[in-house]
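Chains, contacts and geometry: an overview
Chain by chain, the residues run as shown.
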Amino acid sequence: MRHCVGIDIGSTCTKLAVLDEDKEIKEVFLRPTGWSSKETAELIKDQLKDKGIIAENSKIVSTGYGRASVAYADKAVTEITCHAKGASYLHGAKNLTVIDIGGQDTKIIQIKDGVVQDFMMNDKCSAGTGRFLEVMANSLTLDISELCELAKQGSNVSISSMCTVFAESEVISLMGKGESKENIAHGIIDSIINRVAGQAQRFNLDESEVALTGGLYQFDYIREKLSSVLKKDVSVSKYGHYAGAIGAALVAHDIL
Amino acid sequence: MTDNVKMWTELGMDVENHDNLCQVLPTAVGDVFLSQENRPKAMDFWDMVISDVHGIRPAELIEAQKNGQKVFGTFCVYVPDEVIIAANGIVTGLCGGSQFWVPDGEKVLPKNTCPLVKASVGARLGRTCPFFRIADIYVGETTCDAKKKAYEILGEDVDMYVMNVPQMKRDIDIAHWKDEIATFSKKVEEVTGNEITPEKLGEAIHILNERRKAMARVYEARKSKVAPISGRDALLMTQIAFFDDPVRCTEMCNRLADELEERIENNNGVVDPKTTKRILITGTPMAVPNWKLHNIIETSGAIVVCEEMCTGTRYFEHLVDESGTTLDEQYMNIAKRYMKNNCACFTPNGGRIDDIIRLAKEYQVDGVIDCNLKFCCLYDTEKLPVKKALNEADIPVLDLETDYEDSDAEQLRTRIGAFIEMLNA
Ligand code: SF4
Ligand code: SF4
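Residues numbered from 1 in each chain as written. Chains lettered and ligands numbered in written order. Predicted model: local features only at pLDDT ≥ 70, side-chain atom pairs only at ≥ 80, totals over all residues. Heavy atoms only, no water.

**Considering the overall build of chain A**
The helix and strand inventory of chain A stands at eight helices and ten strands. Relative to the compact-globule value of 18 Å for 256 residues, chain A shows a C-alpha radius of gyration of 19 Å, a close match. The principal-axis extents of the C-alpha atoms in chain A amount to approximately 65 × 40 × 25 Å. Once local pairs closer than 6 in sequence are excluded, the contacts in chain A between residues at least 24 apart make up 64%. Of the roughly 11200 Å² that chain A leaves accessible, carbon and sulfur atoms contribute 46%. Between the centroid of the 28 positive side chains of chain A and the centroid of its 34 negative side chains there is a distance of 3 Å. (Helix = DSSP H or I, 4+ residues; strand = E, 2+ residues; numbered from the N terminus. Rg over C-alpha atoms; globule rule 2.2 N^0.38 Å. Contact = heavy atoms within 4.5 Å. Areas by Shrake-Rupley, 256 points an atom, 1.4 Å probe, with all protein chains shown as cover. Lys, Arg positive; Asp, Glu negative; His and termini not counted. Charge placed at Lys NZ, Arg CZ, Asp CG, Glu CD.)

Encoded structure:
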């Protein structure tokens, strides 16, 4: 059995996808990237061996910020190309705008007729990334799903600081003033959604479907909010977190 | 080397700090240039100059000063070299292209000033660049706000003359620029003690036109799909042209062009044209030793074939009409040529967009990378119309912003890598 393996080494989380020769998804899993992406890559190699996935005629493609650390990969491809491929595969749309909110960066990729037409990346600052949400949730001693639940019931608070560090102190001072957790949570989600939507709106979304990938795909509230700000139905896939890894596996399939 | 240290000490430089720069430069030159394969042999000249960039040319300038010549330091391709050369003066570029100088600039400038300006001011005030020490006078210009204000700060430490560059290109602006050049020539006569005559000015115009033609020949060769020279090497040639003696520069560029033309005939390129994407770079200028973008692009499966910027086509495109016989005619001819330069300081600046589209076609590029230095709002703002026009012309474009630090190198590599993958798809 020949396998196509995609390894997406992100800044916080490493995702892996295995496809068979018919491009069927056979397996996906994830693990924290940890301090060293080289070590993570080696651990994954052992795991793949144990599962009997690495074989002579399998192909392995790495992507993500740690893509160069996978010494045993047959090819390294950027996360833009892989996300685009993976999301097109998952959503089956020819014209698609992918919004990927990652741990430390946010990408918006516009795909036309199945190929990347344009993209933008925010990786200079944690505003509008998963990291922003994580820090904010922490400051309220919540996890992200609890944050979303509370946000649904809140209203009327806005977080004005773009910068994660300043936003955190803003949250703390709101708590000090006795503002409810619900309202603060509401403001936090609004802040990231507006930021991400603002970036997405630089692209023409008229003739394209919109998909949300990355770890936040699982939170329905985020998807709904994003849909309402963009005035577009934003879709997600249950494999949303694995879009990059699946895309890498598809590249592996191309070179089988 | 010991001679250099003596020279730097005599120039009043901070030799100890300057050592830090001397230590990293050779590695950078090795990594960026010497590691390339199958380079044109004629690059040996520029390899030599850059390997001892703070030694060879500074020593020549000091020698010339001993013989009574004056050195004018400039920051912009709008300052007309012709006038200075006509009075037997010497021109040297003074733009700072390294992070090394930025902290010294930040001592007196707001953090959100572009790194080119911060580095230029830092190189002077930190006393860590021989060219900034040697120049007898600096010639600035009223182009962008960051530079205008920086010249006021530099003016407290060094003799500073500022030319009033118009911000529009109507006939009255060209006439104004002509007057400004005439006024500048008086200053140049005063500094050098030499009179500018129509004969002298005619000669200078000719010398600089010859340099433009020689550089244009090298760029012409870059249009070929054979790709006879890397973007890095061509950029180095252009950067050094700002410092070198114009006659020698012409000779070296012609020598390089001869070799490139021969290479094209023999189909001897530096990359495989079938698998390598051709890129035009546009945006803010790249002062020595800023090779960051070229290096990333050319180690990611593409080659830079043209730069639409002042360290690129804007330096040599358009000749000065040589037919003028009176100073008045000559100043007008000079003014007309310089006002063809499409810098983002001007409004409107549609000419730059036309240039980008034209060059993209002439150089047979697969894509354009539009990159500005951080905090340069002029070039940043022009990105949108540039993108629009390129989209309409069906030419792929990637927008970037960067500074002199290395910290964003991997992020740039991802964006550029993705762009090249996109061109290959
Ligand atoms: S970009 Fe504008 S201001 Fe800068 S050197 Fe060129 S012409 Fe002068
Ligand atoms: S890069 Fe922009 S801000 Fe910097 S000196 Fe040039 S025009 Fe001015």
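**Digging into the pattern of salt bridges**
Residues and elements named next belong to chain B. Evaluation of the coordinates by the stated rule reveals 51 salt bridges over all chains. D173 is paired through a salt bridge with R170; the nearest N and O atoms lie 2.9 Å apart. On the basis of relative accessible area, D173 is assigned to the buried category, the value being 9%. Overall, the relative accessible area of 43% leaves R170 in the partly exposed class. Between E362 and K223 there is a salt bridge; the shortest N-O distance is 3.2 Å. Within this pair, whereas E362 is found in helix 17 (residues 350–362), its partner K223 is found in the loop between helix 11 (198–222) and helix 12 (231–241), the two being separated by 139 residues in sequence. The exposure class assigned to E362 is partly exposed, which follows from its relative accessible area of 31%. (Salt bridge = Lys/Arg side-chain N within 4 Å of Asp/Glu carboxyl O. Buried < 20%, exposed > 50% of the residue type's maximum accessible area, 1.4 Å probe, protein only.)

**Let's talk about the interface of chain B and chain A**
Facing the 13 residues of chain B at the interface are 15 residues of chain A. Note on chain B versus chain A: buried area summed over both sides is about 1200 Å², and carbon and sulfur give 52% of it. Counting across the chain B and chain A interface gives one salt bridge. A:D118 is the salt-bridge partner of B:K387, the closest N and O atoms lying 3.0 Å from each other. Remark: the boundary between chain B and chain A carries five residue pairs in polar contact (both at pLDDT 80 or more). When residues of the side of chain B that touches chain A are traced back to their parent elements, those giving at least two are strand 8 (397–402) and helix 19 (409–424) of chain B. With nine residues, helix 19 of chain B is the largest single contributor of residues to the side of chain B that touches chain A. (Buried area = accessible area lost by both parts, 1.4 Å probe. Polar contact = N/O pair within 3.5 Å; in protein donor to acceptor, adjacent residues only side chain to side chain.)

**A look at the environment of B:E203**
All names here are of chain B. Looking at the secondary structure, you find E203 in helix 11. Accessibility expressed as a relative area gives 51% for E203, which makes it exposed. Residues E203 and R217, 14 residues apart in the sequence, show an inter-C-alpha distance of 21 Å.

**Regarding the nonpolar core**
In this structure, B:W46, B:L293 and B:I416 are the most contacted members of the largest nonpolar core, which totals 125 residues. Of all the elements, helix 19 of chain B adds the most residues to this core, at eight residues. Ignoring any residue separated from it by four or fewer positions in sequence, one finds B:I416 in contact with B:L293, B:I296, B:I297, B:S300, B:I369, B:L398 and B:L400. If you look at the next biggest cluster of nonpolar residues, it comprises 40 residues, including A:I144, A:A151, A:I184 and A:F219. (Core = buried A, V, L, I, M, F, W, Y, C linked by side-chain atoms within 4.5 Å.)

**Notes on the packing of aromatic side chains**
All names here are of chain B. Overall, the coordinates contain 13 aromatic pairs over all chains when judged by the stated rule. Between F33 and W291, the aromatic rings sit 4.8 Å apart at their centres with planes inclined by 85°, giving edge-to-face as the arrangement. Taken as a pair, F33 in helix 2 (residues 15–34) and W291 in the loop between strand 5 (277–283) and helix 14 (292–298) lie far apart in primary sequence, 258 residues in all. Taken individually, F33 and W291 each receive the classification buried, so the pair is uniform in this respect. (Phe/Tyr/Trp six-rings, centres within 6.5 Å; stacked < 30°, edge-to-face > 60°.)

**A short note on helix 2 of chain B**
Counted at 1.5 Å a residue, the expected span for helix 2 of chain B with its 20 residues is 28 Å, and the 27 Å between its end C-alpha atoms agrees. Listed in full, the buried residues belonging to helix 2 of chain B are B:V15, B:H18, B:L21, B:L25, B:V29, B:V32 and B:F33. (Expected span 1.5 Å × (residues − 1).)

**Points about the packing of helix 11 of chain B against helix 12 of chain B**
All names here are of chain B. Close contact between helix 11 and helix 12 brings their axes to 11 Å; oriented N to C, the two are set at 170°. In terms of orientation, helix 11 and helix 12 fall into the roughly antiparallel class. Of helix 12, the residues touching helix 11 (which contributes R211, M215, V218, Y219 and R222) are G231, A234, M237, T238 and A241. (Axes fitted to C-alpha atoms, helices over the stretch in contact; angles between N-to-C directions. Parallel < 35°, antiparallel > 145°, perpendicular 65-115°, else oblique.)

**Examining the sheet that holds strand 8 of chain B**
All names here are of chain B. Pairing is parallel across the open sheet formed by four strands, whose spatial order is 6-5-7-8. Each of the sheet's edge strands pairs with one partner strand only, and the pair in question is strand 6 (302–308) and strand 8. The mean inter-strand angle of the sheet, taken between neighbouring strand axes irrespective of direction, is 30°. Where strand 5 meets strand 6, six bridges bridge the pair, whose relative direction is parallel. Residue pairing in the sheet places R278 in a bridge with I303 of strand 6. Sheet contacts for helix 18 (residues 377–392): strand 5, strand 7 (367–373) and strand 8; angle to strand 8, the most-contacted strand, approximately 170°. (Pairing = 2+ DSSP bridges.)

**Quick look at the confidence of the model for chain B**
With 100% of its residues at a pLDDT of 70 or more, chain B has an overall mean of 96. The ipTM assigned to the predicted complex is 0.83, against a pTM of 0.91. (pLDDT = per-residue confidence, 0-100.)

**Details of the pairing of strand 9 (residues 209–213) of chain A**
Residues and elements named next belong to chain A. Across the five residues that make up strand 9, a large majority, four, are buried. Across two bridges, the pairing between strand 9 and strand 10 (residues 234–235) is parallel. Looking at the pairing, V210 lines up with V234 of strand 10. Once the chain exits strand 9 it traverses helix 7 (residues 220–230) before rejoining the sheet at strand 10, and the crossover so formed is right-handed. (Right-handed = clockwise from strand over helix to strand, strands pointing away.)

**Quick word on the packing of helix 11 of chain B against helix 13 (residues 246–265) of chain B**
All names here are of chain B. At a closest axis distance of 8 Å, the pairing of helix 11 and helix 13 adopts a crossing angle of 25°. Comparing their axes, helix 13 and helix 11 come out roughly parallel. In terms of crossing hand, the pair formed by helix 11 and helix 13 is left-handed. On the side of helix 11, the interface is formed by I207, L208, E210, R211, A214, M215, R217, V218 and A221, while helix 13 contributes P246, V247, C249, T250, C253, N254, L256, A257, D258, L260, E261 and I264. (Left-handed = near helix turned anticlockwise from the far one by under 90°.)

**Observations regarding unusual backbone geometry**
Cis geometry is found at the peptide bond from B:V288 to B:P289, where omega equals -5°. With respect to the secondary-structure elements, B:P289 resides in the loop between strand 5 and helix 14. With an omega of -15°, the peptide bond between B:T347 and B:P348 qualifies as cis. Within the fold, B:P348 resides in the loop between helix 16 (327–338) and helix 17. For A:D113, which is not a glycine, the phi torsion comes out positive at approximately 50°. Note that A:D113 resides in the loop between strand 7 (106–112) and strand 8 (115–122).

**As for the sheet that holds strand 7 of chain A**
All names here are of chain A. Taking strand neighbours across the sheet as the criterion, the five strands line up as 8-7-6-9-10 in an open arrangement whose pairing is mixed. Unpaired on one side and paired on the other, strand 8 and strand 10 mark the two borders of the sheet. Relative to strand 7, strand 6 (residues 96–101) runs antiparallel, the two sharing six bridges. Of the residues in strand 7, the one forming a bridge with D100 is K107.

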